[in-house]
Amino acid sequence: DAEITQSPRHKITETGRQVTLACHQTWNHNNMFWYRQDLGHGLRLIHYSYGVHDTNKGEVSDGYSVSRSNTEDLPLTLESAASSQTSVYFCASSAGGTDTQYFGPGTRLTVL
Amino acid sequence: KQEVTQIPAALSVPEGENLVLNCSFTDSAIYNLQWFRQDPGKGLTSLLLIQSSQREQTSGRLNASLDKSSGRSTLYIAASQPGDSATYLCAVEVNDMRFGAGTRLTVKP
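A.B. asks: Tell me about unusual backbone geometry, residues and numbers included.
C.D. replies: Residues and elements named next belong to chain A. Of the consecutive residues serine 7 and proline 8, the connecting peptide bond is found in the cis state with omega at -5 degrees. Structurally, proline 8 can be placed in the loop between β1 (4-7) and β2 (10-13). You will see that asparagine 28, though not glycine, has its phi angle at about 65 degrees, which is positive. With respect to the element layout, asparagine 28 can be found in the loop between β3 (19-25) and β4 (31-38).

A.B. asks: Please set out the interface of chain B and chain A residue by residue, giving values where relevant.
C.D. replies: A common measure of how large an interface is: the accessible area buried when the components associate. Contact with chain B, which involves 19 residues of that partner, is made by 17 residues of chain A. A per-residue breakdown of the area chain B buries against chain A is headed by Leu44, Met97 and Phe99 of chain B, which together make up 30% of the total. Remark: the boundary between chain B and chain A carries two salt bridges. Glutamate 59 of chain A is paired through a salt bridge with arginine 98 of chain B; the nearest N and O atoms lie 3.9 Å apart. Inspection of the region where chain B meets chain A yields four residue pairs in polar contact (both at pLDDT 80 or more). Here the element with the most residues in the side of chain B that touches chain A is strand β5 (residues 44-51) of chain B; it accounts for four residues. Residues of the side of chain B that touches chain A, tallied by class, amount to seven nonpolar, eight polar and four charged.

A.B. asks: With reference to specific residues and values, describe the pattern of salt bridges.
C.D. replies: Under the definition given, this model contains eight salt bridges over all chains. Here glutamate 59 of chain A and lysine 1 of chain B are joined by a salt bridge, their closest N and O atoms 3.3 Å apart. With glutamate 59 of chain A in the loop between β6 (54-57) and β7 (64-66) and lysine 1 of chain B in the segment before β1 (4-7), this pair bridges two chains. We classify glutamate 59 of chain A as partly exposed; its relative accessible area is 30%.

Reading guide: rules and limits
Residues numbered from 1 in each chain as written. Chains lettered and ligands numbered in written order. Predicted model: local features only at pLDDT ≥ 70, side-chain atom pairs only at ≥ 80, totals over all residues. Heavy atoms only, no water. Helix = DSSP H or I, 4+ residues; strand = E, 2+ residues; numbered from the N terminus. Contact = heavy atoms within 4.5 Å. Buried area = accessible area lost by both parts, 1.4 Å probe. Salt bridge = Lys/Arg side-chain N within 4 Å of Asp/Glu carboxyl O. Polar contact = N/O pair within 3.5 Å; in protein donor to acceptor, adjacent residues only side chain to side chain. Nonpolar A, V, L, I, M, F, W, Y, C, P; charged D, E, K, R; others polar. Buried < 20%, exposed > 50% of the residue type's maximum accessible area, 1.4 Å probe, protein only.

Written out as structure tokens, the structure reads:
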């Protein structure tokens, strides 16, 4: 069965370190998204991609970057982790158009 | 800027009750509205998607309505069960998807 996976599921890091969160989907979807979820804020869009080599900034993109070198993967990089980036991160993908987004299980990141 | 609000933030009901969850949004120029379910420690699962031209969608015991002109949507759950306990989020799509903070539902046996 097609799926979307995220790794690691849990990560603890220190302020100032570079961190990369992985997202892999086997749906062959063109569209991929990264969100963060914080109490009281719901999910907020960080970056998104509509295809290979395409990336776009979302609502809360500062301090994050993505690159899309193939259809299946959209890694999220925190260039220099800050305590304000402690959150749960969700990756999602969709076929586009009127298709819904399918979400991964999330990565809980703690920045000390 | 599109703002999405869900009220109440939490709701507890006895098993068997019919219930309504509310979602409001500030900009009526949306492509669609979705309701998602999130279980603790898990990702989101799409329940219902209403296109901007539609008024409602139904799936089993769930019915979602959309009133774009008033910026409101409701999710109706009939004959609630303990397995319905979860957080329910609504999201509207314009150029990107904007989520509400969710309603945490507890259905007591």
